[in-house]
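Tertiary structure, described
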Amino acid sequence: MQTVLKECKEKNYTVYGGEPLPELGDSFVNPAIVEATEQCDIIKTETFAPILYVMKYNTLEEAIEIQNSVPQGLSSCIFTDNVQEAETFTSATGSDCGIVNVNIGPSGAEIGGAFGGEKDTGGGRESGSDAWKVYMRRQTNTINYSSELPLAQGIKFDIG
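Read on for an overview of the structure. In this text the structure is predicted, and so the values were computed from the model without any measurement.

Even without being a glycine, N12 presents a positive backbone phi close to 65 degrees. In this structure, N12 sits in the loop between α1 (2-10) and β1 (14-17). Here N103, not a glycine, exhibits a phi torsion of approximately 60 degrees, which is positive. You can see N103 is positioned in the loop between β5 (99-102) and β6 (140-143). Overall, N103 belongs to the buried group, its relative accessible area being 16%.

This is the structure we're talking about:
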């Protein structure tokens, strides 16, 4: 993670957070947000670390193109109050991931849904009622219609 954040800084991306927390052990860090100016190989590589890359875009189509240009395809999210944007994102012309979320982050535990990705992160599904459709491209879609942001497995952050 630290190597990736260093590379981001070298590309003049703005990095927030990401500091190691040695008092908690070797594997603990603050999450990082990286404000990037372009899609690049760093962003397209799975680091398996708590890094959120943020990029500006002008149209929903541009945002979907940026998202779909990565080789992975496990899970994706959109936050919007526009029904047409949500429908476009979950449609065949939208996200090309196996799990698509609207107004909620990916928890990795979409209980009862088909779990699996597309592209380099899988193909086929396991678990859920759709597992028998292993060779079909299907998505599990979750949509949060509330104004609250529920976090995975009841996680709470004490901020203040």
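On to the side chain of S95, then. In this fold, S95 is placed in the loop between α4 (83-90) and β5. S95 sits in the buried class, given a relative accessible area of 0%. In terms of polar contacts, S95 uses its side chain to reach the side chain of S76, at 2.6 Å.

L60, A63, I64, I66 and Q67 are the residues of helix α3 (residues 60-68) that are buried. Projected onto a plane normal to the axis of α3, the buried residues spread over an arc of 160 degrees and lie on a single side. Exposed and facing more than 90 degrees away from the buried side of α3 are E61 and E65. Residues of α3 that are buried sit in contact with β4 (75-78) and α4.

Cut-offs used in this document
- Residues numbered from 1 in each chain as written.
- Predicted model: local features only at pLDDT ≥ 70, side-chain atom pairs only at ≥ 80, totals over all residues.
- Heavy atoms only, no water.
- Helix = DSSP H or I, 4+ residues; strand = E, 2+ residues; numbered from the N terminus.
- Buried < 20%, exposed > 50% of the residue type's maximum accessible area, 1.4 Å probe, protein only.
- Polar contact = N/O pair within 3.5 Å; in protein donor to acceptor, adjacent residues only side chain to side chain.
- Arc of directions from axis to C-beta.
- Contact = heavy atoms within 4.5 Å.

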